[in-house]
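Close look at the chain arrangement
So you can see what is in the structure, the chains are spelled out below.
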Amino acid sequence: MTRKCLWDESHTYESNGGEDYRHLCPACYFNIYKNLYSDKYQWHDFLKNIETIKIEHKINELKKELALYEQKLKPLNGNSKTVEVECLFCGEAFKVDPKETWRYACNDCFKTFVVPLRQLYDQKTIRTLISAFKEDHGGEYFELEDVLKFAKEYFNNKTDD
Ligand SMILES: [Zn+2]
Ligand SMILES: [Zn+2]
């Protein structure tokens with residue numbers, strides 16, 4: 001006898017007379033009831049509450065789907081893990097990807113200071129230079145000009161040694 005599956009009415013199956021298959025097609029009986037709900041519900045409770053369980057099931061599926069989408073969206077929203085690094089120039093903390101903790105200048109200072117200094121010095125020299133400059137200059141506001149002037153003296157003294 002052809003029956004409709006109680007879990008999903010688009011499923012039809014031939015009832016073989018077995019008690020357990022009476023309301024669900026064999027696939028849903030095993031995949032849904034046995035796999036997912038038999039720990040939680042006795043068979044007759046499952047049948048009694050099947051409409052509620054179906055809704056719950058749908059919600060859980062949607063939640064899983066949502067979690068997947070959220071994971072994909074994370075990098076776009078900037079919610080991915082970031083590390084705070086202190087800018088060597090302005091002293092402000094800025095966020096970087098954990099892979100980029102070698103960065104020592106925020107975007108603004110990178111453009112203002114690092115780009116022009118890179119024409120003259122390598123990264124390591126710039127870092128040393130700025131550390132020395134800051135030590136000498138304290139927390140005062142400074143411009144590229146000040147750094148360049150300091151650099152000239154700093155390296156002249158070095159070669160004199
Ligand atoms: Zn079914
Ligand atoms: Zn900065």
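Just above, that's the structure.
Residues numbered from 1 in each chain as written. Chains lettered and ligands numbered in written order. Predicted model: local features only at pLDDT ≥ 70, side-chain atom pairs only at ≥ 80, totals over all residues.

1. Describing the overall build of the chain
Secondary structure assignment for the chain yields six helices and four strands. Secondary structure elements of the chain, listed N to C terminal, follow the sequence β-β-α-α-α-β-β-α-α-α. Since a compact globule built from 161 residues should have a radius of gyration of about 15 Å, the 34 Å found for the chain marks it as more spread out than a globular shape. Along the longest, intermediate and shortest principal axes, the C-alpha atoms of the chain span 100 × 25 × 25 Å. The buried share of the chain, reckoned over its 161 residues, is 9%. Intrachain contacts of the chain at a sequence separation of at least 6 include 15% that bridge at least 24 residues. (Helix = DSSP H or I, 4+ residues; strand = E, 2+ residues; numbered from the N terminus. Rg over C-alpha atoms; globule rule 2.2 N^0.38 Å. Buried ≥ 20, exposed ≤ 12 C-beta atoms within 10 Å, placed from the backbone. Contact = placed C-beta atoms within 7 Å.)

2. Section: the nonpolar core
Grouped together as the largest cluster of nonpolar side chains are eight residues: Phe 89, Ala 105, Cys 106, Phe 113, Leu 117, Ile 126, Ile 130 and Val 147. Of all the secondary-structure elements, those providing two or more residues to this core are α4 (107–118) and α5 (123–137). For Cys 106, the residues in contact, after removing those within four places along its chain, are Cys 87, Cys 90, Glu 92 and Phe 94. (Core = buried A, V, L, I, M, F, W, Y, C linked by C-beta atoms within 7 Å.)

3. Brief notes about the pairing of strand β4 (residues 93–96)
Relative to β4, strand β3 (residues 83–86) is paired through four bridges, and the arrangement is antiparallel. Bridge pairing in β4 places Glu 84 opposite Lys 95. Two successive antiparallel strands, β3 and β4, enclose a turn made up of six residues, where Gly 91 displays a positive phi of approximately 80 degrees. (Pairing = 2+ DSSP bridges.)

4. Structural notes on α5
Structurally, the α-helix is built with 3.6 residues per turn, so residues lying three or four positions apart point the same way. With 15 residues, α5 extends 20 Å from end C-alpha to end C-alpha; this agrees with the ideal 21 Å at 1.5 Å per step. Once α5 ends, the next one or two residues include Gly 138, with phi positive near 70 degrees. (Expected span 1.5 Å × (residues − 1).)

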